Amino acid sequence: MAVFGNNTSKETKKDITELSNAETRIGKGAVLDGNIETYGPVRLDGKIVGNIKSKSRVVLGETSGLQGSILAQNAEISGEVKGLVEIADLLTLKSTAVINGDIVCNKLIVEAGAVFNGSCKMGNMVKEIKINDSTKKTSHDQKQKQVV
């Protein structure tokens, strides 16, 4: 009989720290149809039809395009977004940014030249960013199957 869970809190903290340092990049010319959920930072220079959720920072470069929502701790946008942008802390719209959708954030910096069509609500209104972590369930289930 195996005992599970003795070091889970230490392992979980270590796993989350490692995941927070892993960067997700979608390069220029790449097109992704789907959602991204990550603990770490995201850099987008290509196109995404879907949502981005990060417990860290999201950067959309000048060549980026997003049809969907962003939920992140911080974001810097230089490209185009069609959808809801929810940022827990600081949102920076660079001069080349085009936002067609609503913004909810704590702090906002808008450079001259940025285009924003939608409503904006500021203050501590963004809910906690929760990441669905199916990988941990899968590895735990595999350990249980091996023991049985």
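### Notes on the overall build of the protein chain
Next up, step 1: Helices and strands together make up the secondary structure of the protein chain, namely 2 helices and 14 strands.
Next up, step 2: Burial status across the protein chain gives 31% buried among its 148 residues.
Next up, step 3: In the protein chain, the proportion of contacts linking residues at least 24 apart, taken out of those at least 6 apart, comes to 11%.
Next up, step 4: In the form shown here, the protein chain has an accessible surface area of approximately 8,800 Å², with 49% of it arising from carbon and sulfur atoms.

### Looking at the pairing of strand S8 (residues 70-77)
Next up, step 1: With 7 bridges joining them, strand S6 (residues 52-60) and S8 adopt parallel strand pairing. Residue Ser54 lies in a different strand from S8, and its bridge partner there is Ala72.
Next up, step 2: Here S8 pairs with strand S10 (residues 85-93) via 6 bridges, running parallel. Following the sheet pairing, Ala75 is matched in S10 by Leu91.

### A word on the confidence of the model for the protein chain
Segments scoring low in pLDDT should not have their predicted coordinates read at a detailed level.
Next up, step 1: Per-residue confidence for the protein chain averages 84 on the pLDDT scale, and 76% of its residues sit at or above 70.
Next up, step 2: Segment residues 137-148 is flagged for pLDDT under 50; beyond a separation of four residues in sequence, or across chains, it makes 5 contacts in the model.

Rules used in this analysis
Residues numbered from 1 in each chain as written. Predicted model: local features only at pLDDT ≥ 70, side-chain atom pairs only at ≥ 80, totals over all residues. Heavy atoms only, no water. Helix = DSSP H or I, 4+ residues; strand = E, 2+ residues; numbered from the N terminus. Buried < 20%, exposed > 50% of the residue type's maximum accessible area, 1.4 Å probe, protein only. Contact = heavy atoms within 4.5 Å. Areas by Shrake-Rupley, 256 points an atom, 1.4 Å probe, with all protein chains shown as cover. Pairing = 2+ DSSP bridges. pLDDT = per-residue confidence, 0-100.

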